Amino acid sequence: MPIATPEVYAEMLDRAKREGFAYPAINVSSSQTLNAALKGFADAGSDGIIQVSTGGAEYLSGPGVKNMVTGSLAFAAYAQEVAKKYDVNIALHTDHCPKDKLDGFVRPLLAASTERVKQGGLPYFQSHMWDGSAVPLDENLEIARELLDLCAAAKVVLEIEVGVVGGEEDGVAHEINDKLYSTPDDAIATAKALGTGENGYFMTALTFGNVHGVYKPGNVKLRPEVLKAAQDAVHTEFKTADDKPFHLVFHGGSGSSEQEIKDAVSYGVVKMNIDTDTQYAFTRPVAGWMLGNYEGVLKIDGEVGNKKQYDPRAWGKAAEEGMAARIVEACEDLGSAGTHK
């Protein structure tokens, strides 16, 4: 299917919240990892979200370019063509964008999408994330409202972060402390600034102890009940028809228990970011291939090696299969497997 239209994407997210499941949002940084993600969603029978971070976008542009917008547009063009061959809906998203990178990443992409929409086309990306976790909440929401208006004009969904995700991703690091937990007051302030849907479609990454990086189960102190408290507060304050007014996003999920994921989804999480686990699932088969075919991939003692073993397609296929299998597992954990209609 073609990349999801704005209408299809909105229905994907609405249906996930309505029916109590969430989509894995898979970070990619190459055509290989993109292909693995597409295959994984198709194998799971799940629609899905594929996303690029600032670092991933720069990497996609090539070492001689290093431009986030160029890499993002190249990624979107490639995905647009390849996704047509798969029978699931795929939305494209840009991940964490801090304040100092807005002018070199999200704003130019929104301008490009707006121009395309004016000419009767579709936006390049279906959603963009503004990461205001490093600035005061008032400033975070002020910028979010400006971006929400721009997104509405481009028929794009905005994702914001209210609170702080601990750990490190793409060079942005936060301490692990009490700031990792959003409050009901934070949620009410968000709804006052952005509305509850009337000013444009947005997703909210409220934080409930989330941490980026590699952590074993039990080492991350998640409190999914924080999400329920936030939803209840906004529902009561604004008398919304839906008792879960926010479409929530789950960041920093590595090391989360099955029950924590299930609880978070039940409170309105419709998108869960997955990066660390799929990076490992991609790289582990490559390591196994290289170690298992040591004499073939290296020209040892003046020999010529084995071209069939050092051909990037050989170990690349193993990497893609490993990552695709991990995405199927994610779809099953989040309940999106088999939900494509």
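Residues numbered from 1 in each chain as written. Predicted model: local features only at pLDDT ≥ 70, side-chain atom pairs only at ≥ 80, totals over all residues. Heavy atoms only, no water.

Another point: the confidence of the model for the protein. Low pLDDT marks stretches whose predicted atomic positions should not be read closely. Model confidence for the protein is summarised by a mean pLDDT of 92, while 92% of its residues fall at 70 or above. Here residues 166-177 is modelled with pLDDT under 50, and outside its nearest four sequence neighbours on either side it reaches 32 contacts, counting other chains as well. (pLDDT = per-residue confidence, 0-100. Contact = heavy atoms within 4.5 Å.)

With respect to the helices and strands, the residue Tyr86 is situated in the loop between α4 (68-83) and β3 (90-94). The spacing of Tyr86 and Phe41 is 45 residues in sequence and 9.0 Å in space, taken between C-alpha atoms. Tyr86 has contacts with Met1, Asn35, Leu38, Lys39 and Ala42, leaving out every residue within four places of it along the chain. (Helix = DSSP H or I, 4+ residues; strand = E, 2+ residues; numbered from the N terminus.)

Here the focus is the pattern of salt bridges. The tally for this structure, following the rule as stated, stands at 14 salt bridges. For Asp103, the salt bridge identified is with Arg107, shortest N-O distance 2.7 Å. Overall, Asp103 belongs to the exposed group, its relative accessible area being 58%. Residue Arg107 is joined to Glu146 by a salt bridge in which the shortest nitrogen-to-oxygen separation is 2.9 Å. Here the residue Arg107 occupies a position in helix α5 (residues 106-118), and Glu146 occupies one in helix α6 (residues 137-154), the gap between them amounting to 39 residues. Taking the relative accessible area as the measure of exposure, Glu146 reaches 31% and is therefore partly exposed. (Salt bridge = Lys/Arg side-chain N within 4 Å of Asp/Glu carboxyl O. Buried < 20%, exposed > 50% of the residue type's maximum accessible area, 1.4 Å probe, protein only.)

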